Every structure is written in C-alpha cells, then in structure tokens.
Amino acid sequence: MSSRAMRSTTLEVVHPARAAAAAPVTPPFRLASRESQPGPTVVEAGCVAIGAGDLVVMAGPCSVESRRQIREAARAVKAAGAHMLRGGAYKPRTSPYDFQGLGHKALEWLAEAGRESGLPVVTEVLSPEDVDRVAEHADLLQVGARNMQNYALLRRLATAPRPVLLKRGPSATIQEWLLAAEYLLSGGNPKVVLCERGIRTFETAMRNTLDLAGVALVKQLTHLPVIVDPSHATGKRALVAPASRAAAAIGADGLLIEVHPCPECALSDGEQSLNPAQFAELMRALPLRTSAACG
Ligand code: PEP
Ligand code: MN
C-alpha cells in the first residue's frame with residue numbers, strides 16, 4: 001500500500017462518538033432552523049414588527065358579522081392598546097351547519113375598520129383561489145389550524161406578497177409544524193409567524209391543551225416569531241387572561257385574542273371571547289411596551 005493510501009485509511013478511522021460530535025446536525029426544517037439563521041427574524045405586518053422583542057397583541061372577533069360589529073370591535077381593541085385587528089371572513093367550521101363567515105364583504109368591512117382605527121389586519125385565507133383577494137385587504141394572512149398541512153395553499157402563499165401567520169395543526173408535532181413553515185420559506189416567502197393555538201390531547205376539560213413549553217422549545221429551534229392564541233387553546237373566557245400572561249412569560253412574541261363587543265351575541269366562539277372591558281383589563285396586566293404600536 002502506498003503511503004498516501006495508508007494515510008487516508010488512517011484518517012477514516014474515527015471513533016464513532018467523536019464523529020457524531022463533530023458532524024453538524026441539520027434539522028429537516030433547514031431554513032426555519034436556528035442553524036441556518038441564529039438571530040431572530042422580524043416580520044413586518046403593515047407598520048407592526050413581530051419578533052422584535054415587544055409583545056404584539058392582535059385582537060378582534062372570531063368572525064366579522066357586520067360592518068357595525070367590526071368597527072365597534074376595532075375601536076374597542078385599539079382603545080385598549082391592541083396593535084393589530086383580527087376578524088374572520090372565511091371561516092373553517094367543524095360543522096357545515098355552523099356560521100361560515102360572510103366572505104368578501106366581511107373582508108372589505110375588516111379592511112375599512114383597520115384603516116379607521118389605524119390597526120393592520122389579520123384574517124384567515126381558506127383556499128388558494130382566495131389568496132390574491134385576501135392579500136389585497138389584509139396585512140397578515142392566517143393559515144388556520146385545519147389547513148396547516150394543506151400544501152396547495154402553502155405553496156400558493158409562498159409566492160404571496162404578504163406575511164403568513166401559520167397556526168399549528170390540532171394534532172401536529174412540532175417537526176410537522178416547522179416543516180409546514182418550510183414550504184413557505186423554501187417557496188420564497190421568508191415572512192412567517194408561527195401560532196400555537198392548542199393541540200388535541202386526552203384532556204376534554206378544555207377545548208384544546210395549550211402547549212406552552214412547546215412555545216419555548218420552538219423559539220429555541222427556529223428564528224421565526226412565535227405567538228400564542230389563548231382563545232382557541234382554552235375555549236374558555238376565564239382562562240384567556242391567565243394563559244395570555246403565561247404565554248408572555250414563556251417568551252411568546254405576541255398574542256391572538258378573540259374580543260367581541262357582545263360575546264353573548266357572537267355567531268362563533270362567543271364562550272371564549274372577551275368583552276371590551278375584560279380585554280382592557282387583560283391588556284393592563286401584560287408586559288407591553290409602546291414601541292410595538294404603529295405611528
Ligand atoms: C380562528 O382563528 O378563528 C380559527 C378558526 O382558529 P384555528 O384555525 O386555530 O381553529
Ligand atoms: Mn374562533
């Protein structure tokens with residue numbers, strides 16, 4: 001054997017433990033990982049920066065029910081200090097007999113209420129055909145939990161000119177959630193915000209189980225901002241404030257909270273919606289800095 005061949009043979013004999021320690025471990029969610037980008041991504045939705053260190057609060061009704069309702073909701077959440085307005089126009093409902101949302105006209109009312117109150121808006125887009133229309137009216141496009149693995153929708157949103165709020169699927173592992181984000185990133189949209197909204201477990205006492213430690217873990221695994229939806233995570237109005245405070249304490253970059261001018265009259269998710277006074281009280285208990293607000 002030539003001395004060169006001997007040298008290369010010797011070099012290949014590395015103790016397996018040392019080899020494992022030296023090999024860089026690339027997670028399957030390459031672009032979302034902290035390995036690919038150690039510093040945080042800041043996502044701008046309209047004039048609001050998400051992931052910049054200040055807690056961002058997005059609030060409003062589950063569904064846009066009328067022009068008057070969304071304007072009232074916008075005024076109330078703005079007065080309490082919210083940074084963005086939420087409201088569903090296209091609603092993914094478990095039952096086809098439940099209120100399905102008012103579609104395009106609700107989208108227009110939502111955009112109008114956002115302009116009037118000076119709040120950027122976030123709303124759900126249900127199907128690839130609606131992406132252009134929703135992007136015209138909204139600052140942040142929500143992918144609902146039921147659609148987290150709708151790859152046709154994710155691929156279409158990867159080329160949309162708007163940031164995306166990607167909710168975690170009710171039964172999705174953290175790796176599946178980050179791989180769904182990877183569809184957006186690898187398809188060309190680097191502006192992705194993740195949202196933990198509760199997962200399905202054996203527990204039936206609450207609508208879902210809020211995976212708070214999962215939020216801390218995901219913050220360690222990815223550079224993308226992570227927010228929490230305490231309304232869908234708990235399903236109970238009385239749990240929204242404590243869950244919000246806990247989310248802020250564990251490092252969430254923001255909150256998505258359902259607020260209705262009259263929760264008892266709501267066409268969807270009234271039992272988990274705060275009224276304006278309850279929302280204002282919660283806002284006073286959160287560690288908010290004024291720098292997250294527009295203007
Ligand atoms: C919502 O935000 O109104 C909603 C339908 O949420 P999720 O997709 O988390 O159920
Ligand atoms: Mn809802």
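Residues numbered from 1 in each chain as written. Chains lettered and ligands numbered in written order. Predicted model: local features only at pLDDT ≥ 70, side-chain atom pairs only at ≥ 80, totals over all residues. Heavy atoms only, no water.

*Asks:* Before we move on, could you go through unusual backbone geometry and cite the residues and values that matter?
*Replies:* Not every positive phi belongs to a glycine, and Asp269 is a case in point at roughly 55°. Relative to the assigned elements, Asp269 resides in the loop between β10 (254–258) and α11 (276–285). (Helix = DSSP H or I, 4+ residues; strand = E, 2+ residues; numbered from the N terminus.)

*Asks:* Quick rundown of the site of ligand 1? Include the residues and the values.
*Replies:* Around ligand 1 sit 13 residues in total, of which Arg86, Lys91, Ala145, Lys167 and Arg197 are the nearest. Interatomic distance of 2.8 Å between a backbone N/O atom of Ala145 and an oxygen atom of ligand 1. Between an oxygen atom of ligand 1 and a side-chain N or O atom of His232, the distance comes to 3.4 Å. Burial of ligand 1 by the surrounding chains reaches 97%, relative to a free accessible area of 290 Å². Placement of ligand 1 is best described as lying within the largest pocket. For the shell around ligand 1, a count of residues per class yields three nonpolar, three polar and seven charged. (Near = heavy atom within 4 Å. Polar contact = N/O pair within 3.5 Å; in protein donor to acceptor, adjacent residues only side chain to side chain. Areas by Shrake-Rupley, 256 points an atom, 1.4 Å probe, with all protein chains shown as cover. 1 Å grid on protein atoms, 1.4 Å probe; cavity = no way out; pocket = protein on both sides within 12 Å on 5 of 7 lines; lining within 4 Å. Sits in = over half its atoms within 2 Å of the grid points. Nonpolar A, V, L, I, M, F, W, Y, C, P; charged D, E, K, R; others polar.)

*Asks:* Go over the coordination of the manganese ion (ligand 2) with me, naming the residues and quoting the values.
*Replies:* Cys62 (SG), His232 (NE2), Glu258 (OE) and Asp269 (OD) make up the full set of protein donors to the manganese ion (ligand 2), lying at 2.0 to 2.4 Å. Within one chain, the residues serving as donors to the manganese ion (ligand 2) are arranged as C-x169-H-x25-E-x10-D. Of this pair, Cys62 sits in the loop between β3 (56–60) and α3 (67–80) while His232 sits in helix α9 (residues 230–234), and the two are 170 residues apart along the sequence. Accessibility assignment for this pair places Cys62 and His232 in one class, buried. (Donors = N, O, S within 2.8 Å, 3.2 Å for Na, K, Ca; no water. Buried < 20%, exposed > 50% of the residue type's maximum accessible area, 1.4 Å probe, protein only.)

*Asks:* Could you give an account of the sheet that holds strand β4 (residues 84–86), with specific residues and numbers?
*Replies:* Taken in spatial order, the eight strands of this closed barrel run β3-β4-β5-β6-β7-β8-β9-β10, and their pairing is parallel. Taken pair by pair, the neighbouring strands of this sheet meet at an average axis angle of 25°, ignoring direction. Here β3 runs beside β4; their pairing, made up of two bridges, is parallel. Within β4, the position partnered with Ala59 by the bridge is Leu85. (Pairing = 2+ DSSP bridges. Axes fitted to C-alpha atoms, helices over the stretch in contact; angles between N-to-C directions.)

*Asks:* Explain the confidence of the model for the protein to me, and be specific about the residues and the numbers.
*Replies:* Overall, the prediction assigns the protein a mean pLDDT of 94, with 92% of residues at 70 or greater. Every residue in residues 1–11 is under pLDDT 50, and counting partners more than four places away or in other chains gives two contacts. (pLDDT = per-residue confidence, 0-100. Contact = heavy atoms within 4.5 Å.)

*Asks:* Could you give an account of the packing of aromatic side chains, with specific residues and numbers?
*Replies:* The final tally for this structure, using the stated rule, is one aromatic pair. Plain terms: the ring middles of Tyr151 and Tyr183 are 4.5 Å apart, the flat faces sit at 25° to each other, and that makes the pair stacked. Taken together, the residues Tyr151 in helix α6 (residues 151–157) and Tyr183 in helix α7 (residues 174–186) connect sequence positions 32 residues apart. Overall, Tyr151 belongs to the partly exposed group, its relative accessible area being 32%. (Phe/Tyr/Trp six-rings, centres within 6.5 Å; stacked < 30°, edge-to-face > 60°.)

*Asks:* Quick rundown of the pairing of β3? Include the residues and the values.
*Replies:* Summarising burial for β3: five of the five residues are buried, a large majority. Burial along β3 is two-sided: Val56, Met58 and Gly60 facing one way and Val57 and Ala59 facing the other are all buried.

*Asks:* So what about the nonpolar core? Which residues, and what values?
*Replies:* Leu85, Leu157, Leu166, Leu194, Ile257 and Phe279 are the most contacted members of the largest nonpolar core, which totals 60 residues. The leading source of residues in this core is α7, at seven residues. Core analysis: the second largest hydrophobic core is formed by 15 residues, Met84, Val122, Leu165 and Ile227 among them. (Core = buried A, V, L, I, M, F, W, Y, C linked by side-chain atoms within 4.5 Å.)

*Asks:* I'd like to hear about the layout of surface pockets, residue by residue, with values.
*Replies:* Roughly 250 Å³ of volume is contained in the largest pocket. Lining of the largest pocket is provided by 21 residues; of these, Lys91, Pro92, Arg146, His232 and Asp269 occupy positions nearest its centre. In terms of residue count, strand β5 (residues 121–124) provides more of the lining of the largest pocket than any other element does, three residues in total. Residue composition of the lining of the largest pocket, by class: four nonpolar, seven polar and ten charged. The computed volume of the second largest pocket comes to approximately 160 Å³. As for the second largest pocket, its lining consists of Thr94, Arg146, Pro170, Arg197, Arg200, Arg207 and Asn208. Partitioning the lining of the second largest pocket into residue classes produces one nonpolar, two polar and four charged. (Points joined across faces, edges and corners; volume = space filled by probe spheres on them.)

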